[in-house]
Every structure is written in structure tokens, then in C-alpha cells.
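The residues making up each chain are set out below.
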Amino acid sequence: MEDFSDVYRECYPRVLAYAASHAGARLAEDITSETFTIAWRKLDQMPSNALPWLLGIARNLVKASRRQVWHDEIDDVPITDDFVRVVELRAALAGLSEGDQEVLTLIAWHGLPAAEAAQVLGCTTATFFVRLHRARRRLKAALSTSNFDRARESWKTS
Amino acid sequence: MEDLMKELAQAAPPAPEVDRDRMERDLVRIIALPRERTARTQFLRRFAPLVAVAAVIALAVVVLPRPTPTVQPGAPAQWWHVLTEQSSLMVVGDPANPYLVQFSSKTDQWLSANRQVTVVQKDGRVEPYSSVDEARWEMAGKPATAPQVGGSRAVRIGPMRPSVQKADVSGFQMSMHSHVRLDSFDSLPTDPAELKKTLENLTGEKTPYRIATLAMGLMASNVRDDQRRAAFELLKMLDGVRFLDRVSLREGSFGVGVAIAAPATFQFSNVETQLVVNPETGLPVVKRDLITTPQHGLPAMWPISEEEYLLLDRTTIDPIVPGDVPVNGEVESPIVER
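On a predicted model such as this, the values are computed, not experimentally measured, just so you know. (Residues numbered from 1 in each chain as written. Chains lettered and ligands numbered in written order. Predicted model: local features only at pLDDT ≥ 70, side-chain atom pairs only at ≥ 80, totals over all residues.)

(A) Examining the overall build of chain B more closely. Helix and strand counts for chain B come out as 7 helices and 15 strands. When the 338 residues of chain B are sorted by exposure, 27% land in the buried category. Relative to all contacts within chain B whose residues are 6 or more apart in sequence, the contacts with residues 24 or more apart total 57%. (Helix = DSSP H or I, 4+ residues; strand = E, 2+ residues; numbered from the N terminus. Buried ≥ 20, exposed ≤ 12 C-beta atoms within 10 Å, placed from the backbone. Contact = placed C-beta atoms within 7 Å.)

In C-alpha cells, the structure reads:
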């Protein structure tokens, strides 16, 4: 039980961050709580490096919640010189498939090494690298479309 | 490309602030909940039937005479053997201080075109669910029977008595949850839409939930792989069904499944039924009902009843039933009059 409590306290912020980024702040705490409830129930299956496993559980719960709202919540972005670029990146990301978003954000936002991100998604590391490469390419393509250029101009002038 | 990932990292939403009070409160609640059985117990309980069957096969090979020449290799199997392990929860006791009990048992069933043999309440028990429930039961004086909360009957706590039911039948039961019988499963369509129409016509059932339960039952029946696949595709296309693309299972494996809103029980509302299948074999692994909102001290998405498929197999070995159990006697249910 002490081990579980240690893992809980250590991983809670990261599971919460994952849930918040994929399901929105409103649902994040509930999803995190559910994630650890399931983890407790399946404690015998918990690997020594628990984070990817916990994020895999959280991922299923996020999908069940069916509320991918993070991309609508841009009021968390501070108004700085980078504001436009951040909004642009998030908008481009939101335009990608859910699969591409997951691959990119597990690395860029949640700081997982590729092998652990692959565990979360239930694929091999090699497959993950292929998916990451394609997702990056699509993100780059999305950023370079004229729509975003126009949008950037409109944001600058508004 | 690397620069793009760095830029994306800078565009991450800020990490949400952790509410330490809630975090610690949740931890206390979570570790008060019951856990699944240990892996060792799981392993023994899960594979004991397989070991028993393997032992019987070995014995049969050594002891029994060779099959007569009329039995051809590849001849149709005589029996469809289904071994399931069920568990379900019920709220009992004083409504002001209720507790949960868990019913758990196995059902061993052999089905053929003209014979059906079933062992029910095998290894059956009713016991307080968690340590908290056990403490409440003890505080109530460890009663041998406890009244259902919201019901008119009582529950007998302790072991269940197994019972053997043997019956001559005509044709194959379409599923364990339907009395419709078919001369053969061969004619069932392999197109999901056609299969849906067939189920509707055979049973008169039209609602998505009833069709879903029939299709789920069919998947556990002695049908061909293409028919089982059609049943799963049928489930996915029903109104209100949610596809579950990665469900954690015991031993760290994953299944795929479907979920559909289920009718309320007399104690639980906001229930959904899930069927999880092994993506490699297409065979059902578990069917369960979960509550989608917290109820009776249980969190949302907690299973309130489960039926785990331990064995689904064609066999020519005749049914093996407990010797000390009366056949076709009255089933001594743990649900009794108050």
C-alpha cells in the first residue's frame, strides 16, 4: 500500500496534466481519480515504471469521456510575443487526427521518451517512430497552409 | 523537425495546479476500495479448470479404448463446452448502514443438438465485498442472512450449493440468454445487417439493447468464426453502442469491445453493459455491467456484475459433473424469503 501511495503522489500531477490536456480542466480531476481507482484495483498488474501504464488507463477514460475540448481553451495562453505562434500551433494541432495529436503531445507536452509513449498507445517503439514522423510532417504541412497565414494576419490586426 | 517539436512543447497548456486536499482525499477513498484477487490466485482460479480438463484428456488418452473406426478425423465436435465465472454485487443490511455483498460462482455448460448439461453455483459463495463491507457486516452481528436494500427478499451469506441440470433438448440454444432454439447455426448470416434482421425475426426483439444481448450471447455460442465476426460488427453498428478500442484485461493483455446503456437494476441505475473480446481469436473474454455514475460508495465505471469466459471450446469429451450433487434437484438459491 505504501508503494501505491508513493506512485500515486509521484504520478498524480502528470496524469492530471495529461487528462487536462486531452479532456479539459473541468474533467481532469475526475479522470485522474478514476485512473488511480482502476490502478488500485489492478495493482497486481502495475509495472515498476507505472507512468505509461497509468497514462494508458487515463487515455481510455479520456476516450470514454468523448470530450476533446482542450483546443477550445486558449485563454490559458499568456499574451506575449509568442501568443500568435502558440495559438497557431494549437490550432494546427487541433486540425490533425486524434492519433497524430496523441503521438505529438505525448512527446512534446508530456515529456515521455518514445519507448514509454509507445507503451501508452499500445504499439512498438518502431511503429511509434513511424507515426511520430508522419505526425510531424502533417503538423508542418498544416502550419504552412495559406489558411494559417491568413489567420495569423487577422490575429495580428485584431 | 526538431525545432518544430520544441516549438510545440512551448505551446503546451500550463500544467494544472494540483489540489492537494482532493488528491489526499481521493487516495484515502481509493485504498479503502477492494482490489482484484492476487495474480497467483487469479492464475490458479483461472487455469484450474483448464488443468482439470487437460488431466481428463490425458486420462482419456491412457485409459479409454481407442475410438471406433466410424469416428473420422475432423468429424464435428459433439459438445460446445462453456465455462464461465460470474460475480455480482448486491446492497444489503440496514438501509441506514448498508453494505455490499458479492455473489461469485462458476457455471459449467455442455450443449449439443439434443442434450444440455449444466452445473450451476459451482464454487459459489456470497461474502462481504470489501474490508469496509466486512466490518459493517461484523458490526451487524455477522448475520447468516441479510435483507436486500430496496428489495423484498434476503441474501444468504456463505457458500452456495452446486446443482446439476440435465435436459434433453431439440436443437441449439441460440444464446444463454434466449430460449430460441435452432436446428443448426450454419444458416445464420455472415453479413451483420442480415444477421440483425434474422435475430429480430427469430426473437421478435427490436430494441438495440435486446439485440445487443442476443448478439453477445451468440458470440459465446458454437458458431463459425465468420458468424462470430458478423455478430461483433452487428454490435458495433447498433444505435447507442460505443466501441472500446483498448480495454485492459488481466495478465496485462488488451481486448476490444463494445458498450451499450443497459436498463437499471432494482439497486443500480445508470448502468452500461460491456462485452470485451480477444482481438486475436474473436472469442468473448468478459461481459460486464458497470455503473456510469458513483453509487452506494462505488465510483463511476465500477463493475457491478461480470461474466468471465474461462473456456469456450468444442469437445468430444462427455460432460464431467460433480458426483455428490443431485441431478435435476431444486437449485438452492442464495436469494431467500425474509
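(B) Spatial organisation of the overall build of chain A. From N to C terminus, chain A includes 8 helices and 0 strands. When the helices and strands of chain A are listed from N to C terminus, the series reads α-α-α-α-α-α-α-α. For chain A, with 158 residues in total, the buried portion stands at 39%. Long-range pairs, those at least 24 residues apart, make up 62% of the contacts in chain A with a sequence separation of at least 6.

(C) Structural context of helix α4 (residues 83-94) of chain A. Between its first and last C-alpha, α4(A) extends 16 Å over 12 residues, near the 16 Å set by a 1.5 Å rise per residue. Among all positions in α4(A), only V86(A), E88(A), L89(A), R90(A), A92(A) and L93(A) are buried. (Expected span 1.5 Å × (residues − 1).)

(D) Layout of the sheet that holds strand β5 (residues 154-156) of chain B. Residues and elements named next belong to chain B. One open sheet accounts for 3 strands, arranged β4-β5-β15; its pairing is antiparallel. Looking at the sheet topology across the chains shown, the edges are occupied by β4 (145-147) and β15 (335-336). Sheet topology note: the β5/β15 ladder contains 2 bridges and is antiparallel. Bridge pairing in β15 places V155 opposite I335. (Pairing = 2+ DSSP bridges.)

(E) Fine view of the interface of chain A and chain B. Taken together, the contacts link 40 residues of chain A with 33 residues of chain B. Of all the elements in the fold, those that place two or more residues in the side of chain A that touches chain B are α1 (2-23), α2 (25-41), α3 (50-65), α4, α5 (98-108) and α7 (125-143) of chain A. Here the residues of the side of chain A that touches chain B are counted per class, giving 22 nonpolar, 7 polar and 11 charged. (Nonpolar A, V, L, I, M, F, W, Y, C, P; charged D, E, K, R; others polar.)

(F) Main features of the packing of α5(A) against α7(A). All names here are of chain A. Orientation of α5 relative to α7, taken along the N-to-C sense of each, is 100°, at an axis distance of 9 Å. Classified by the interaxial angle, the pair formed by α5 and α7 is roughly perpendicular. On α7, the residues touching D100, V103, L104 and I107 of α5 are R131, L132, A135, R138 and L139. (Axes fitted to C-alpha atoms, helices over the stretch in contact; angles between N-to-C directions. Parallel < 35°, antiparallel > 145°, perpendicular 65-115°, else oblique.)

(G) Representation of the environment of E116(A) in the model. Residues and elements named next belong to chain A. Looking at the element boundaries, E116 is found in helix α6 (residues 114-121). Spatially, the C-alpha atom of E116 lies 9.1 Å from that of L106, the residues being 10 residues apart in sequence. When neighbours within four sequence positions are excluded, E116 is seen to be in contact with L51 and P52.

(H) Representation of unusual backbone geometry. Residues and elements named next belong to chain B. Although it is not a glycine, Q121 adopts a positive phi angle of roughly 55°. Looking at where Q121 falls in the secondary structure, it is placed in strand β3 (residues 115-128). You will see that N328, though not glycine, has its phi angle at about 60°, which is positive. For N328, the position within the fold is in the loop between β14 (302-315) and β15. Looking at N328, the number of C-beta atoms within 10 Å reads 10, which means it is exposed.

(I) Broad picture of the environment of E134(B). Among the structural elements, E134(B) can be located in helix α4 (residues 131-139). Since 17 C-beta atoms lie within 10 Å of it, E134(B) is described here as partly exposed.

(J) Region of interest: the pairing of strand β12 (residues 271-277) of chain B. Residues and elements named next belong to chain B. With 5 of its 7 residues buried, β12 lies for the most part within the structure. Note: β12 against strand β13 (residues 284-291), 7 bridges, orientation antiparallel. Along β13, the bridge assignment pairs V271 with I291. The antiparallel hairpin formed by β12 and β13 contains 6 residues in its connecting segment, where G282 sits at a positive phi of about 80°.

(K) Layout of the nonpolar core. Ranked by size, the top nonpolar core spans 46 residues in total, and within it V15(A), A19(A), L54(A), A58(A) and L104(A) carry the most contacts. Elements with a minimum of two residues in this core: α1, α2, α3, α4, α5, α6 and α7 of chain A. Excluding residues within four positions of it along the chain, L54(A) makes contact with C11(A), V15(A), T35(A) and A39(A). If you look at the next biggest cluster of nonpolar residues, it comprises 33 residues, including L195(B), I211(B), L275(B) and V285(B). (Core = buried A, V, L, I, M, F, W, Y, C linked by C-beta atoms within 7 Å.)

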